[in-house]
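Chain residues, written in single-letter form:
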Number of protein chains: 2
Amino acid sequence: MNNLDESLLANIPPFRKLQLGQIREILDCATPKRFEVGTSVFEEGLDADRFYLLLDGHIRVIRTTPDGEQVTALYISSGQLFGIAAALGRSQYPATALTADECLTLSWPTRLWQDFVTKYDGFATESYKVVGARVDEMNNRIVEMATQQVEQRVACALLRLVNQAGKKVSHGVEIDFPITRQNISEMTGTTLHTVSRLLSAWEKSGIVASERRKIVVTNPHQLVLLSGT
Amino acid sequence: MNNLDESLLANIPPFRKLQLGQIREILDCATPKRFEVGTSVFEEGLDADRFYLLLDGHIRVIRTTPDGEQVTALYISSGQLFGIAAALGRSQYPATALTADECLTLSWPTRLWQDFVTKYDGFATESYKVVGARVDEMNNRIVEMATQQVEQRVACALLRLVNQAGKKVSHGVEIDFPITRQNISEMTGTTLHTVSRLLSAWEKSGIVASERRKIVVTNPHQLVLLSGT
DNA sequence: ATCCCAGTTTGATACAGCGCAAAGAGCGCA
DNA sequence: TGCGCTCTTTGCGCTGTATCAAACTGGGAT
């Protein structure tokens, strides 16, 4: 039992169609936890014993290659389930989840997944839609990496970030958490140098305005053109 | 009702744990169909109204970019489910399925998926494991494309093909369906020219032996070394 | 006020792999 | 037997990006 408010989940996909009483039940077995910037929620290879819902903040899901390079699999924004590999029959986490800013999560023991699926109508369907959307995004990234060159890929990556973590500001849309050139290079399979050069060029053309750890897209339309989609 | 044999499905993952009577029921609502080489089972963007099981042959799942380039998402070997996007909430096929050789499929109307899931214990779990494996493979490909260079990627692709469609022959392991340089380039995001050069070089080192539309890996170990994993 | 460090910018150089081009080579078909 | 199609091989020049190197900047800690 905890004192979280039902309305927290009422509008979030897998719970949206549930009744308040059911949401109450789910909340009562949830563990809330706050994570500082840059800490890990779970790590690649560990037993996938819990699944998570991100209530606030942004999470970077990364994989590390044998020689230590990092590749960003995806970014999670608030309101999304993550760490649900167990729902696809995996017993270990296939990736590491790092907080990109301060985060608030709810989590449940993995074994409850099956309970939720059988007990709450629509829970499974809605959850697997999340998986579907991610598979789709992964497919798109594969196509991108296979066919487009760096400038287009970086443009696509920026657009994805804007779509899922964009915050309107006076001069355009800002990416709502601290992000470095290095981070972007890890999303696109390039180097931070190349990303820096691209952003500099785009800044000159008035497409973006960036500072240290911060990017504002001032001309999204132009960015779409560059992305070649 | 049809005259297919229950043993067809008895050892295939989502059906493995079912009783023969249940398999019979499933078979009775299945439609078998044979496809010639190079024909399409379903196409990107069409209504995902059926899901499939590949009984025999090999299928190439591709996506086409706006400018007509093809990217191979994955290869399906016999015994695998495919076209199951609907299970993840998609109403259209996200890719096109082309036969790589002569194929035999069973298919069911999509609406039966939900029936199977509720009626047959373990069907859902086993099916989602298939999805899990594919997500995993996609993740690996993203990491590969982001960090490795062409030679390593092609080596990885070949190894994947060998693992899932390898047939032992006298001098090594042969890929069990016709495959062109072009096909491999579409799996790895390169050009057929580069693939051709690599295969020529590998042939000289005694790692592979290839002919027109045919590849035999004679020294898998060396290929693993090249793949850098 | 100063130091330090993480992040950024920019230049110079090298090279992997692409694009283009053209010549084989295997195979079905008439 | 020869034609035509698809697939393969190989050469050559070019260019997009990585790599190496070095300087700059802003902000937090002492």
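A quick note: this is a predicted structure, and the numbers were derived from the prediction, not measured.

K.L.:
Before we move on, can you summarise the domain arrangement of chain A with the specific residues and values?
P.N.:
Residues and elements named next belong to chain A. Here chain A is described as being made up of domain 1 (7-144) and domain 2 (150-227). For domain 1 and domain 2, the distance between their C-alpha centroids amounts to 25 Å. Counting residues at the interface gives 14 residues for domain 1, matched by 13 residues for domain 2. Interface area, domain 1 with domain 2, both sides summed: about 1200 Å², of which 46% is carbon and sulfur. Inspection of the domain 1/domain 2 interface yields 3 salt bridges. Elements with a contribution of two residues or more to the side of domain 1 that touches domain 2: β4 (58-64), β5 (70-77) and α5 (123-147). Among the elements that take part in the side of domain 1 that touches domain 2, β5 stands out by supplying 6 residues, more than any other.

K.L.:
Which residues make up the relation of the copies chain A and chain B, and what are the values?
P.N.:
Here two copies of a chain appear, and what relates them is a rotation about an axis with a shift along it. Expressed as a screw transformation, the operator carrying chain A onto chain B has a rotation angle of 180° and an axial translation of 0.0 Å, and the superposed copies differ by an RMSD of 0.0 Å. Taken together, the rotation angle and the small translation identify this as a two-fold axis.

K.L.:
Account for the protein's contact with DNA strand C, naming residues and giving values.
P.N.:
Taken together, the neighbourhood of DNA strand C is formed by 18 residues, with Ser196 and Arg212 of chain A together with Val150, Thr190 and Thr194 of chain B sitting nearest. The contact atoms of DNA strand C, taken as those within 4 Å of the protein, divide so that sugar and phosphate hold 58%. Arg181 of chain A places a side-chain nitrogen or oxygen 2.9 Å from a phosphate oxygen of DNA strand C. Between DNA strand C and Arg197 of chain B there is a distance of 3.2 Å, counted from a base oxygen to a side-chain nitrogen or oxygen. Among the elements of the structure, α8 (192-204) of chain A together with α8 (192-204) of chain B are those that each provide at least two residues to the surface near DNA strand C. Counting residues per element, the surface near DNA strand C draws most heavily on α8 of chain A, which supplies 5 residues. By residue class, the composition of the surface near DNA strand C is 2 nonpolar, 10 polar and 6 charged.

K.L.:
Explain the packing of aromatic side chains to me, using residue names and the numbers behind them.
P.N.:
Residue and element names in this part refer to chain A. Within this structure, the stated rule accounts for 29 aromatic pairs over all chains. Where Phe42 meets Tyr52, the ring centres are 5.7 Å apart and the plane angle is 35°; that geometry is what we call tilted. With Phe42 in strand β2 (residues 40-42) and Tyr52 in strand β3 (residues 50-56), this residue pair connects regions lying 10 residues apart in the sequence. Here Phe42 falls in the buried class, since its relative accessible area comes to 7%. Judged by its relative accessible area of 8%, Tyr52 falls in the buried class.

K.L.:
Describe the interface of chain A and chain B, and please don't skip the residues or the numbers.
P.N.:
The interface is formed by 27 residues belonging to chain A together with 27 residues belonging to chain B. Here chain A and chain B share 4 salt bridges between them. Scanning the region where chain A abuts chain B turns up 3 residue pairs in polar contact (both at pLDDT 80 or more). For the side of chain A that touches chain B, the secondary-structure elements that each account for two or more residues are β5 and α5 of chain A. When residues in the side of chain A that touches chain B are grouped by element, the largest group, 16 residues, is from α5 of chain A.

K.L.:
Outline the protein's contact with DNA strand D, supporting the account with residue identities and numerical values.
P.N.:
Taken together, 18 residues lie near DNA strand D, and Gln149, Val150 and Thr194 of chain A together with Ser196 and Arg212 of chain B sit nearest. Between DNA strand D and the protein, one listed contact pairs a base nitrogen with a side-chain N or O atom of His193 of chain A at 3.5 Å. Measuring from a phosphate oxygen of DNA strand D, one finds a side-chain N or O atom of Thr194 of chain A at 2.4 Å. Of all the elements in the fold, those that place two or more residues in the surface near DNA strand D are α8 of chain A together with α8 of chain B. A per-class count over the surface near DNA strand D returns 2 nonpolar, 10 polar and 6 charged.

K.L.:
Any chance you could break down the sheet that holds β4 of chain A for me, citing the residues and the numbers?
P.N.:
Residues and elements named next belong to chain A. The 4 strands are arranged β2-β7-β4-β5 in an open sheet whose pairing can be described as antiparallel. Every other strand in the sheet has two partners, leaving β2 and β5 as the edge strands with one partner each. Shown here is a sheet whose adjacent strand axes are inclined to one another by a mean of 30°, direction ignored. Summarising the sheet, β2 and strand β7 (residues 96-99) pair through 2 bridges and their orientation is antiparallel. By the bridge assignment, Ser40 is partnered in β7 with Leu98.

K.L.:
Describe the packing of helix α4 (residues 111-119) of chain A against α5 of chain A, with residues and values.
P.N.:
All names here are of chain A. Taken N-terminus to C-terminus, the directions of α4 and α5 make an angle of 120°; their axes are 7 Å apart at the nearest point. With respect to α5, the element α4 is oriented oblique. Touching Trp113, Phe116 and Val117 of α4 are Phe123, Ala124, Ser127 and Tyr128, all from α5. Across the contact of α4 with α5, the residue classes tally to 6 nonpolar, 1 polar and no charged.

K.L.:
Can you tell me about the environment of Gly79 of chain A, naming the residues and giving the values?
P.N.:
Among the structural elements, Gly79 of chain A can be located in the loop between β5 and β6 (81-82). For Gly79 of chain A and Gly57 of chain A, which are 22 residues apart along the polypeptide, the C-alpha to C-alpha distance reads 9.3 Å.

Criteria and thresholds
Numbering of residues starts from 1 in each chain and follows the order in which that chain's sequence is written. Throughout, the order in which chains and ligands are written sets their labels, letters from A for the former and numbers from 1 for the latter. With the structure being a predicted model, the display of local features is reserved for residues of pLDDT at least 70 and the display and counting of side-chain atom pairs for 80 or more, all residues being used for whole-chain, interface and lining totals. By convention in this description, side-chain values take in all heavy atoms of the structure and omit both hydrogens and water. Residue ranges for the domains originate in an automatic or database domain assignment. Contacts are residue-level and defined by heavy atoms, with any inter-residue pair within 4.5 Å sufficient. The term buried area refers to how much accessible surface (probe radius 1.4 Å) is lost by two components on association, counted for both of them together. A side-chain nitrogen of Lys or Arg and a carboxyl oxygen of Asp or Glu constitute a salt bridge if their distance falls within 4 Å. Going along the chain from the N terminus, every DSSP run of H or I of four or more residues is numbered as a helix, and every run of E of two or more is numbered as a strand. Alignment of copies: least-squares fit on C-alpha atoms of residues with pLDDT of at least 70 in both copies. If even one non-hydrogen atom of a residue comes within 4 Å of a molecule or strand, that residue is called near it. Under the rule applied, a polar contact is a pair of N or O atoms within 3.5 Å (in protein, one hydrogen donor and one hydrogen acceptor; residues adjacent in sequence only if both atoms are side-chain atoms). Basically, the charged four are Asp, Glu, Lys and Arg, the nonpolar ten are Ala, Val, Leu, Ile, Met, Phe, Trp, Tyr, Cys and Pro, and anything else, Gly included, counts as polar. Between the rings of Phe, Tyr and Trp (Trp by its six-membered ring), a pair exists once the centres lie within 6.5 Å; its type follows the angle of the planes, with under 30 degrees stacked, over 60 edge-to-face, and the other angles tilted. Working definition: with a 1.4 Å probe on protein chains only, accessible area under 20% of the residue-type maximum means buried, over 50% means exposed, and in between means partly exposed. For two strands to pair, DSSP has to find at least two bridges joining them. Angles here are taken between N-to-C directions and fall from 0 to 180 degrees, while the axes themselves are lines fitted to C-alpha atoms, restricted in helices to the stretch in contact. Here roughly perpendicular refers to angles of 65 to 115 degrees, roughly parallel to angles under 35, roughly antiparallel to angles over 145, and oblique to all remaining angles.

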